There are 2 protein chains.
Amino acid sequence: MTYEFDAHTTVRPVSEGEYDAVLDAGWSVGGGINGGYLLATIGRALRASLPAKPDPLVVSAYYLTASRPGPARISVDVRRESRSAATASAELTQPGGDGPAAGEGAAGESVARIAALATYGHLGELPGEVLTTAEEIRLPPVEECVPSSIAPPELVDMAPLMGRFDIRFHPDQIGWVVGKPSGEGEMSAWMRLADGREPDPLALLMFVDALPPVTFNLGMPGWAPTIELTAHVRAAPAPGWLKVRHHTRNMAGGMFEEDCEIWDSTGRLVAQSRQLARQPRPA
Amino acid sequence: MTYEFDAHTTVRPVSEGEYDAVLDAGWSVGGGINGGYLLATIGRALRASLPAKPDPLVVSAYYLTASRPGPARISVDVRRESRSAATASAELTQPGGDGPAAGEGAAGESVARIAALATYGHLGELPGEVLTTAEEIRLPPVEECVPSSIAPPELVDMAPLMGRFDIRFHPDQIGWVVGKPSGEGEMSAWMRLADGREPDPLALLMFVDALPPVTFNLGMPGWAPTIELTAHVRAAPAPGWLKVRHHTRNMAGGMFEEDCEIWDSTGRLVAQSRQLARQPRPA
């Protein structure tokens, strides 16, 4: 069996450092495709170009224009490879055709969607010592959290992304669903892929940007476009549920930072990310 | 009068998107050049290529090889420009000559030092509303902090970078100087440039990586090479002292994240950064 995540992030080599992908509409929300899914797809092309360094250690993505379901090309350029790490740039483009008025190229031209830089390595070969003062995300037991499965059909129609996951939201941070946002810049949840695919370093690139924006809890519904997102993968996650927490502390100048932490089922901090995003515009 | 920071980050256009710089030894520590100074120099080349978008909003730098004092070339490639923002990639290279054994190219070849991506805009044109729950850095009054000017001459000889700043360290976080690290992953200080040059958005790119590594307070002296650093500039800083705080929570796999916050003299959070760095090796 091929899991959804693996099928939908497949990249097919077409020439040295060039890969074709097909962005799947199942990862979209409203008109846009989820940024974490795009990051993981780019991450897979990077891995294909760096066979001796299979794991993302750090990836930075700059989102240039909104990606759409359909074909995409990912170009990878390896900049530096040492014994333990390799750094590469990557660009995701899609065929244009809607014309410059829509921010698109003419038919036949390609449109740049995402520019990225990344350093890959081998998580399994790193020293085992862990010295952390970070506190594990506090969540009630899974069965006491609010499952994404109770979302009304019209929400799932608008956000097919929700169908990819089993999410159990912290009950104190889900009031936005019924028009009662918590007023605090935090959203945390248990997460796993709906079809049982276990998390791995590549999937963490997707999980860091898969929850609804933390601005929902600040009374600002709507799409919060990512300008830039950088993810650090600090360890390969164990199988099982992930604990995921998004947090913001500074909304200013029409932008906010959104920090994400992911802890695995053994209680280890496996990923940290920060993005700079645009504040949702009032409807 | 030209201030040191401006003189030493000067970039001279040589062709479309290509700039020459001379990396100044005054910003070095041990054998290496400070990563913040390098980031600001690249930031200045980016600004020269984006005249309508003068301010860095977010910059990500991947440090490929250790830069050295002397000539450098910065190449900028604008990827996307919209009404309010522009995104570009940049690369800093230096002439090689020490041969492949030293990680260098042969004489005549250039060696890539840093690959970067950045989005620029116009901080003065952003909406004025600020909604922050971040807590201002707590420091004793400047006159009760420990001035960098009392550093012994042999330390200044080893770290010329110290001569560029007036730093007043939090007295509880400076014990590492006398072999008594605090044991906590935090270092905070008042900072300004020694020659009175006031901070601006470009200088913030330098200030986010100018304090000694936070690992000094964890009993790990030594150079902590940056793998990647991303800085968000959230507002233009007011004149006067900056409050700067470095913080780490997770040392694992021989790496640690170092978060930096900078608050200006009016009590506004003006910059946030995070880097992934390698843990110093035991001497």
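Predicted model, so just to flag it, every value in this text is computed and none were measured.

## Remarks on the relation of the copies chain A and chain B
What connects the two chain copies is a rotation about an axis and a shift along it.
(1) Moving on: Placing chain A over chain B gives an RMSD of 0.0 Å and needs a rotation angle of 180 degrees, together with 0.0 Å of translation along the axis. On the angle and the small slide along the axis, the relation comes out as a two-fold axis.

## What about the packing of aromatic side chains?
The relation between two aromatic rings is expressed through the spacing of the ring centres and the mutual angle of the planes.
(1) Moving on: One pass over the structure, following the stated rule, counts 14 aromatic pairs over all chains.
(2) Moving on: Put simply, the rings of Phe5, Trp27, Tyr37, Phe165 and Phe207 of chain A pair up and form one aromatic cluster.

## Quick notes on the nonpolar core
(1) Moving on: Among the nonpolar cores identified, the biggest contains 139 residues, and Phe165, Met206 and Ile262 of chain A together with Phe165, Met206 and Ile262 of chain B are the most heavily contacted of them.
(2) Moving on: The contact partners of phenylalanine 165 of chain A, leaving out residues within four places of it in the chain, are Trp27, Ser148, Met191, Arg192, Leu193, Ala194, Met206, Phe207 and Ala210 of chain A.

## Focus: the interface of chain A and chain B
(1) Moving on: Contact residues are listed per partner, giving 54 residues for chain A and 54 residues for chain B.
(2) Moving on: Around 4500 Å² of area is buried between chain A and chain B when both sides are counted, 53% of it from carbon and sulfur atoms.
(3) Moving on: Counting the surface chain A buries against chain B, the share from its top three residues, Tyr62, Arg234 and Arg249 of chain A, is 16%.
(4) Moving on: In this assembly, chain A and chain B are joined by eight salt bridges.
(5) Moving on: Linking glutamate 91 of chain A and arginine 79 of chain B is a salt bridge whose minimum nitrogen-to-oxygen distance equals 2.9 Å.
(6) Moving on: Applying the counting criterion to the chain A and chain B interface returns 35 residue pairs in polar contact (both at pLDDT 80 or more).
(7) Moving on: If you tally residues by element for the side of chain A that touches chain B, the top one is strand E17 (residues 269-278) of chain A, at seven residues.
(8) Moving on: The residue inventory of the side of chain A that touches chain B, partitioned by class, reads 23 nonpolar, 18 polar and 13 charged.

## Looking at the confidence of the model for chain A
(1) Moving on: Of the residues in chain A, 95% have a pLDDT of 70 or more, and the chain-wide mean is 94.
(2) Moving on: Confidence metrics for the complex model read pTM 0.96 and ipTM 0.96.

## Some words on the pairing of strand E8 (residues 110-121) of chain A
Residue and element names in this part refer to chain A.
(1) Moving on: E8 sits mainly inside the fold: eleven of its twelve residues count as buried.
(2) Moving on: The sheet contact formed by strand E7 (residues 86-95) and E8 spans ten bridges and is antiparallel. In the sheet register, alanine 90 faces E8, and the bridge partner there is alanine 116.

## Section: helix H2 (residues 35-49) of chain A
All names here are of chain A.
(1) Moving on: Taking 1.5 Å per residue, 15 residues should reach 21 Å; H2 reaches 21 Å between its end C-alpha atoms and fits that length.
(2) Moving on: With twelve of its 15 residues buried, H2 lies for the most part within the structure.
(3) Moving on: Taken as a whole, H2 has its buried residues at Gly35, Gly36, Tyr37, Leu38, Leu39, Ala40, Thr41, Ile42, Gly43, Ala45, Leu46 and Ser49.
(4) Moving on: Of the residues flanking the start of H2, the one acting as N-cap is asparagine 34, its side-chain oxygen 3.0 Å from the backbone nitrogen of glycine 36.

Rules and cut-offs
- Residues numbered from 1 in each chain as written.
- Chains lettered and ligands numbered in written order.
- Predicted model: local features only at pLDDT ≥ 70, side-chain atom pairs only at ≥ 80, totals over all residues.
- Heavy atoms only, no water.
- Least-squares fit on C-alpha atoms with pLDDT ≥ 70 in both.
- Phe/Tyr/Trp six-rings, centres within 6.5 Å; stacked < 30°, edge-to-face > 60°.
- Core = buried A, V, L, I, M, F, W, Y, C linked by side-chain atoms within 4.5 Å.
- Buried < 20%, exposed > 50% of the residue type's maximum accessible area, 1.4 Å probe, protein only.
- Contact = heavy atoms within 4.5 Å.
- Buried area = accessible area lost by both parts, 1.4 Å probe.
- Salt bridge = Lys/Arg side-chain N within 4 Å of Asp/Glu carboxyl O.
- Polar contact = N/O pair within 3.5 Å; in protein donor to acceptor, adjacent residues only side chain to side chain.
- Helix = DSSP H or I, 4+ residues; strand = E, 2+ residues; numbered from the N terminus.
- Nonpolar A, V, L, I, M, F, W, Y, C, P; charged D, E, K, R; others polar.
- pLDDT = per-residue confidence, 0-100.
- Pairing = 2+ DSSP bridges.
- Expected span 1.5 Å × (residues − 1).

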